[in-house]
Amino acid sequence: MAATTAKLWYVAIESRQLLALCEQAVDIYTRLSTLVQDRRRAGKVSDLDVVDMQARLEQAQGDVQAARQAYGDSRRALELLLGRYPAAEIEVATAYPTVQAMSPAGVPAALLERRPDVLAAEQAVVAAFRNQESAELALLPSFGLSLGGGRFSDTVLSLLRLNPWLATAAVGVSVPVYEGGALQAQVVIATEQQARVVARHGAVALAAFWEVENALAAEPFLAAQLPLEQKSLASRQDAVRIATVQYTAGRRDLLWVSQLQAGALQTEAGVIRLGSTLLVNRVRLAQALGSSYDGTPAAAIGGPLAAASPSAGAGS
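If you're wondering where the values come from, they're calculated on a predicted model, not measured in any experiment.

*Asks:* Run through the overall build of the chain, naming residues and quoting values.
*Replies:* Secondary structure summary: the chain contains six helices and four strands in total. Ordered by position in the sequence, the α and β elements of the chain form the string α-α-β-α-β-α-β-α-α-β. Within the chain, the fraction of its 316 residues that count as buried is 32%. Nonlocal contacts in the chain, meaning residues at least 24 apart in sequence, comprise 79% of its contacts between residues at least 6 apart.

Structure follows, in structure tokens:
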């Protein structure tokens, strides 16, 4: 439940950042549309440029509506999980929280000691061995000891108050009789059940290690990819700025500027999604480990919209 809540929280932050990015795209294309119209009135561009930029603006406005719906859906899902009425009123952070660098110590060596599903499978194996032992013991004779005591019953001694105490003991032996092979069948059944739960324990353990190894393998790739994507975004934004200046000076056409701008927006959206993917993978790793882990000093996972206040991620 905690892991699902955390994942939905990060998804809601991602949806909020993507909505802000779509609104930013509308502002950008609005300014470009105004610029194109001014150049059209000056006779420097054709009507095709005006119509093309208007289409891009309208597409961006449609993307805003879709992003608002996605943001509302993510918040309603989070509210439902928290036991609230799904009214899309919950506030989420504007930026991703900082995460600690992962420490590989004890991963996944201590896995079998922490995962509840692995421990449950282990206890099932122990129970199966006990059942088999019980079935085998049912084939052996059983011994019983009975004890009794009381005063010697004699009328004369009773009148003289001299009747002594007596104690008796008996040992009984119970031998299993023929039951049509039922006892032997119970041993066979218990043995088969034992083999089944042992195999299941192995499968559960392997699945647990598979989950851990997948999350561990994804961690360094995601952590290395994020700063590269952020640098790529900065370069694309510089290219858009330079191309816009050149277009204003008449040295570039509108198509060139539009393509660069679209590429920058797509890269920024990718950075936002990558930050969410990294955090969700960290939650999956904690789930796979059955516990948290120690870490070294924190490293920020920034993003294009991560310039929020320090308390922005406190709610997560």
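*Asks:* An account of the layout of surface pockets is requested, with residue identities and associated values reported.
*Replies:* Of the pockets and cavities examined, the largest pocket occupies roughly 370 Å³. As for the largest pocket, its lining consists of 18 residues, and the residues nearest its centre are Cys22, Ala25, Asp63, Leu265 and Gln266. For the lining of the largest pocket, the elements supplying multiple residues, two or more each, are α1 (2-41), α2 (47-81) and α6 (254-289). It is α1 that provides the largest number of residues to the lining of the largest pocket, a total of seven residues. Along the lines of polarity and charge, the residues of the lining of the largest pocket split into twelve nonpolar, three polar and three charged.

*Asks:* Provide a residue-level description of the confidence of the model for the chain, including the pertinent values.
*Replies:* Per-residue pLDDT for the chain averages 75, and the proportion of residues at 70 or more is 66%. In the model of the chain, strand β4 (residues 295-299) stands out as the element of lowest mean pLDDT, 36, in contrast to α2, which has the highest, 92. Here residues 294-316 is a poorly scored stretch, pLDDT under 50, and it has 45 contacts once near neighbours within four places are set aside; other chains count.

*Asks:* Please set out the environment of Tyr29 residue by residue, giving values where relevant.
*Replies:* Its location among the elements puts Tyr29 in helix α1. A sequence separation of 27 residues divides Tyr29 from Arg56, and the C-alpha atoms of the two residues are 6.9 Å apart. Every residue in contact with Tyr29, bar those within four places of it in the chain, is listed here: Met53, Arg56, Leu57, Ala60, Ser258, Gln261, Ala262 and Leu265.

*Asks:* Lay out the side chain of Gln261 with the relevant residues and their values.
*Replies:* Along the chain, Gln261 turns up in helix α6. Leave out the neighbours within four places in its chain, and Gln261 touches Ile28, Tyr29 and Val240.

*Asks:* Describe the pattern of salt bridges, with residues and values.
*Replies:* According to the stated counting rule, one finds seven salt bridges in the structure shown. Note that Glu219 is salt-bridged to Arg282, the shortest N-O span being 2.4 Å. With Glu219 in helix α5 (residues 182-248) and Arg282 in helix α6, the pair connects residues that are 63 residues apart, well separated along the chain. Assessed through its relative accessible area of 11%, Arg282 is described here as buried.

*Asks:* Tell me about the packing of α1 against α2, and please be specific about residues and values.
*Replies:* Relative to each other, α1 and α2 sit at 165°, their axes nearing to 8 Å. For the element pair α1 / α2, the angle class is roughly antiparallel. Handedness of the crossing formed by α1 with α2: left-handed. For the contact of α1 with α2, a count of residues per class yields 23 nonpolar, nine polar and eight charged.

What counts, and at which threshold
- Residues numbered from 1 in each chain as written.
- Predicted model: local features only at pLDDT ≥ 70, side-chain atom pairs only at ≥ 80, totals over all residues.
- Heavy atoms only, no water.
- Helix = DSSP H or I, 4+ residues; strand = E, 2+ residues; numbered from the N terminus.
- Buried < 20%, exposed > 50% of the residue type's maximum accessible area, 1.4 Å probe, protein only.
- Contact = heavy atoms within 4.5 Å.
- 1 Å grid on protein atoms, 1.4 Å probe; cavity = no way out; pocket = protein on both sides within 12 Å on 5 of 7 lines; lining within 4 Å.
- Points joined across faces, edges and corners; volume = space filled by probe spheres on them.
- Nonpolar A, V, L, I, M, F, W, Y, C, P; charged D, E, K, R; others polar.
- pLDDT = per-residue confidence, 0-100.
- Salt bridge = Lys/Arg side-chain N within 4 Å of Asp/Glu carboxyl O.
- Axes fitted to C-alpha atoms, helices over the stretch in contact; angles between N-to-C directions.
- Parallel < 35°, antiparallel > 145°, perpendicular 65-115°, else oblique.
- Left-handed = near helix turned anticlockwise from the far one by under 90°.

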